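The lines below spell out each chain.
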Amino acid sequence: SYMSLLGLAGRQRGLLLLASVSLASLVALRILVSRARSGIEAPQTSGRPRRSKKSRRKIYLRGLYNLGNTCFLNSTLQSLSALDAVGAYVDCCAVAPSGDASPVDVAIAAQLQHVLGLLGPQPRPVAAYSPRALISSLGNKSRWVANRGEQDAQELFQVLSSTLQALSRGPEASLFSLDVLASTGSAVGGVVSTLRQPGSSGTPERRSGSHRSFSDGSPAPSGSCAENPFLGMAASRTACVLCGYTAAIRHFTFDNLSLSVPRKRSTTIEECLALYTVIDQLDDFKCRRCSISATLAQTKADADRCKAAPSQSVSRAKKAAAAVAESLLEQQQRLERALANDSEADLESICLVAPPPGKSTRQTMVARTPRILVLHLSRSIFLPTGGVAKNP
């Protein structure tokens with residue numbers, strides 16, 4: 001009887017709790033009705049309006065089979081398929097390649113266009129795809145792609161980028177036109193200098209390493225190609241610590257930036273980019289202004305020795321010595337004008353003396369950003385002994 005009384009008390013407590021919840025629900029419902037009548041909308045649980053399940057459109061994505069250590073290929077293809085600008089660019093390269101295009105490059109572009117089209121959003125579930133034909137086409141250009149070994153995704157991207165850039169190469173622009181920096185069209189890869197640098201040294205190394213329709217939905221016109229979305233331009237400037245001379249700013253195109261990763265437990269993209277644009281200290285730079293100064297000093301010394309030489313009795317020897325002195329004086333004047341006005345001036349036949357290597361600074365920055373910035377995080381560490389290790 002005691003247990004039955006406890007059970008009765010429990011049921012009463014349950015009925016009392018249920019009644020309280022029902023009363024609270026009625027009060028809340030009355031508040032909502034009164035707010036609706038007074039013109040005040042009930043607050044929503046989220047900022048987005050809820051859609052019914054029938055109005056929601058399901059999107060399915062296609063997978064790629066791993067054909068034996070081909071994850072580097074699959075991840076690259078899946079990443080490229082998510083970018084509409086890449087699809088338009090590949091379409092143009094596959095439909096209207098350049099006149100001197102290689103048959104191997106044309107085959108790669110056609111297979112790449114086919115695969116990227118299959119990897120687009122699908123309205124219904126689809127089976128995975130095996131990119132054997134694309135791997136076979138890439139193997140005709142780079143055998144390491146099809147050797148079933150572990151490969152690097154960045155190297156594969158370089159192969160794809162260079163192939164597409166070769167197919168879309170147009171007329172070369174003037175290397176001395178500053179319009180190249182503001183141009184949105186495809187540029188020719190390589191180093192571009194805004195000033196002429198005859199005989200200059202210390203050229204900066206390259207730090208970088210190139211299916212549907214256009215972004216507005218219109219089809220790609222025949223005979224023209226969309227811009228290379230990966231192509232950007234960087235600028236490098238070198239300055240001599242000894243004389244303070246700054247060499248001409250040199251520009252070069254890139255399709256991806258290789259960034260060093262700091263040796264620390266965690267980092268950010270901003271820190272890696274800061275390492276790319278940091279001011280480097282160089283010990284083997286040969287400054288052009290220092291070369292002109294050294295050549296001028298040697299020319300003055302030669303002219304003084306020529307003047308101090310004893311006069312010859314033969315008239316032919318006198319004429320030869322006078323001609324040498326006149327030539328040295330002319331060289332001296334040209335070197336002085338170059339130092340005073342423009343150290344990059346063309347000195348033609350004057351052979352510059354190489355000064356001893358001095359300290360200098362060099363900084364590389366991005367002059368024109370690409371539409372799609374590709375960043376390669378390099379985990380290689382160069383040890384003081386010359387060896388290479390992996391950044392953990």
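What you are looking at is a predicted structure, and each value in this text was computed from that prediction instead of being measured.

1. What about the overall build of the chain?
For step 1, the next point in the chain: Tallying secondary structure elements over the chain gives ten helices and nine strands in all.
For step 2, the next point in the chain: In the chain, which comprises 392 residues, the share counted as buried stands at 32%.

2. Some points on the packing of aromatic side chains
Aromatic rings in a pair are described by how distant their centres are and how their planes are angled relative to each other.
For step 1, the next point in the chain: All told, the structure shown has two aromatic pairs when counted by the stated rule.
For step 2, the next point in the chain: Centroid distance F72 to W144: 6.5 Å. Interplanar angle 35 degrees. Geometry classified as tilted. In this pair, F72 sits in helix α2 (residues 71-81) while W144 sits in the loop between α5 (132-139) and α6 (153-167), placing the two residues 72 residues apart along the sequence.
For step 3, the next point in the chain: Where F157 meets F230, the ring centres are 5.0 Å apart and the plane angle is 90 degrees; that geometry is what we call edge-to-face. The pair F157 / F230 is uniform in exposure class, with both members buried.

3. Overview of unusual backbone geometry
Glycine aside, the phi torsion of most residues is negative, and most peptide linkages are trans.
For step 1, the next point in the chain: Located in the positive-phi region is N69, a residue other than glycine, with phi close to 60 degrees.
For step 2, the next point in the chain: Positionally, N69 belongs in the loop between α1 (2-37) and α2.
For step 3, the next point in the chain: Judged by relative accessible area, N69 falls into the partly exposed class, the value being 35%.

4. Side note on the packing of helix α4 (residues 103-118) against α6
For step 1, the next point in the chain: Two numbers describe how α4 lies on α6: the axes approach to 10 Å, and their chain directions differ by 110 degrees. Classified by the angle their axes make, α4 and α6 are roughly perpendicular. In this structure, α4 crosses over α6, and the sense of that crossing is left-handed. Listed contacts from α6 to D105, V106, I108, A109 and L112 of α4 are L160, T163, L164, A166 and L167.
For step 2, the next point in the chain: Residue composition of the contact of α4 with α6, grouped by class: eight nonpolar, one polar and one charged.

5. Some points on helix α3 (residues 84-95)
For step 1, the next point in the chain: With twelve residues, α3 should cover 16 Å at 1.5 Å per step; its first-to-last C-alpha distance of 17 Å lies within 8% of that length.
For step 2, the next point in the chain: Among the twelve residues in α3, ten count as buried, and that is most of the element.
For step 3, the next point in the chain: Turning to α3, its buried residues are A85, V86, G87, A88, Y89, V90, D91, C92, C93 and A94.
For step 4, the next point in the chain: Taken together, the buried residues of α3 touch α2, α4 and α6.

6. So, the nonpolar core
For step 1, the next point in the chain: Core analysis: the biggest nonpolar cluster contains 32 residues, and L77, L112 and L138 have the highest contact counts within it.
For step 2, the next point in the chain: When residues of this core are traced back to their parent elements, those giving at least two are α2, α3, α4, α5 and α6.

7. A closer look at the pattern of salt bridges
For step 1, the next point in the chain: This structure, assessed with the given rule, holds three salt bridges.
For step 2, the next point in the chain: In this structure, the salt-bridge partner of K141 is D105, at a minimum N-O distance of 3.1 Å. On the criterion of sequence distance, the pair formed by K141 in the loop between α5 and α6 and D105 in helix α4 is long-range, its members being 36 residues apart.
For step 3, the next point in the chain: A salt bridge links K359 to D283; its shortest N-O distance comes to 3.1 Å. Of this pair, K359 sits in strand β6 (residues 358-368) while D283 sits in strand β5 (residues 280-285); the two residues are 76 residues apart in sequence, bridging distant segments of the chain. Both residues of the pair, K359 and D283, belong to the exposed class.

8. A look at the pairing of strand β4 (residues 257-260)
Here is the key point about a regular strand: its side chains alternate between the two faces of the sheet.
For step 1, the next point in the chain: A one-sided burial pattern is seen for β4, the buried positions being L257 and L259 and the unburied ones S258 and S260.
For step 2, the next point in the chain: Strand direction decides the pairing type here: β4 and strand β7 (residues 375-378), joined by four bridges, are parallel. The residue bridging S260 from the neighbouring strand is S378, located in β7.

9. What about the state of the cysteines?
The bond known as a disulfide is covalent and runs between the sulfur atoms of two cysteines.
For step 1, the next point in the chain: Going through the model one piece at a time under the given rule, you end up with zero disulfides.
For step 2, the next point in the chain: Unpaired in terms of disulfides, C243 finds its nearest cysteine sulfur in C287, a separation of 3.7 Å.

10. So, the packing of α3 against α6
For step 1, the next point in the chain: Relative orientation of the contacting elements α3 and α6 amounts to 55 degrees, with a least axis distance of 9 Å. Classified by the angle between their axes, α3 and α6 sit oblique to one another. Our pair here, α3 against α6, has a crossing hand that is left-handed. Where α3 approaches α6, its residues Y89, V90 and C93 are matched on the opposing element by L164, Q165 and L167.
For step 2, the next point in the chain: Counted by class, the contact of α3 with α6 contains five nonpolar, one polar and no charged residues.

11. Looking at the environment of L352
For step 1, the next point in the chain: Mapped onto the elements of the fold, L352 is located in the loop between α10 (315-340) and β6.
For step 2, the next point in the chain: Classification of L352 as partly exposed rests on a relative accessible area of 25%.
For step 3, the next point in the chain: In this structure, the C-alpha to C-alpha distance between L352 and L296, residues 56 residues apart in sequence, is 8.9 Å.
For step 4, the next point in the chain: With residues up to four places along the chain from it excluded, the contact list for L352 reads R288, S291, I292, T295, L335 and L347.

12. A few points about the confidence of the model for the chain
For step 1, the next point in the chain: When the pLDDT values of the chain are averaged, the result is 75; 69% of them are 70 or greater.
For step 2, the next point in the chain: When mean pLDDT is taken per element in the chain, α4 scores highest with 94 and strand β1 (residues 191-193) scores lowest with 43.
For step 3, the next point in the chain: The low-confidence segment residues 1-11, where pLDDT is below 50, has zero contacts with residues more than four positions distant or belonging to other chains.
For step 4, the next point in the chain: The model gives residues 171-178 a pLDDT under 50, and that stretch makes eight contacts with residues more than four places away or in other chains.

13. A word on the environment of A303
For step 1, the next point in the chain: With respect to the helices, strands and loops of the structure, A303 is situated in helix α9 (residues 288-308).
For step 2, the next point in the chain: For the pair A303 and E326, spaced 23 residues apart in the sequence, the C-alpha separation amounts to 8.7 Å.

Reading the values: the criteria
Residues numbered from 1 in each chain as written. Predicted model: local features only at pLDDT ≥ 70, side-chain atom pairs only at ≥ 80, totals over all residues. Heavy atoms only, no water. Helix = DSSP H or I, 4+ residues; strand = E, 2+ residues; numbered from the N terminus. Buried < 20%, exposed > 50% of the residue type's maximum accessible area, 1.4 Å probe, protein only. Phe/Tyr/Trp six-rings, centres within 6.5 Å; stacked < 30°, edge-to-face > 60°. Axes fitted to C-alpha atoms, helices over the stretch in contact; angles between N-to-C directions. Parallel < 35°, antiparallel > 145°, perpendicular 65-115°, else oblique. Left-handed = near helix turned anticlockwise from the far one by under 90°. Contact = heavy atoms within 4.5 Å. Nonpolar A, V, L, I, M, F, W, Y, C, P; charged D, E, K, R; others polar. Expected span 1.5 Å × (residues − 1). Core = buried A, V, L, I, M, F, W, Y, C linked by side-chain atoms within 4.5 Å. Salt bridge = Lys/Arg side-chain N within 4 Å of Asp/Glu carboxyl O. Pairing = 2+ DSSP bridges. Disulfide = S-S within 2.5 Å. pLDDT = per-residue confidence, 0-100.

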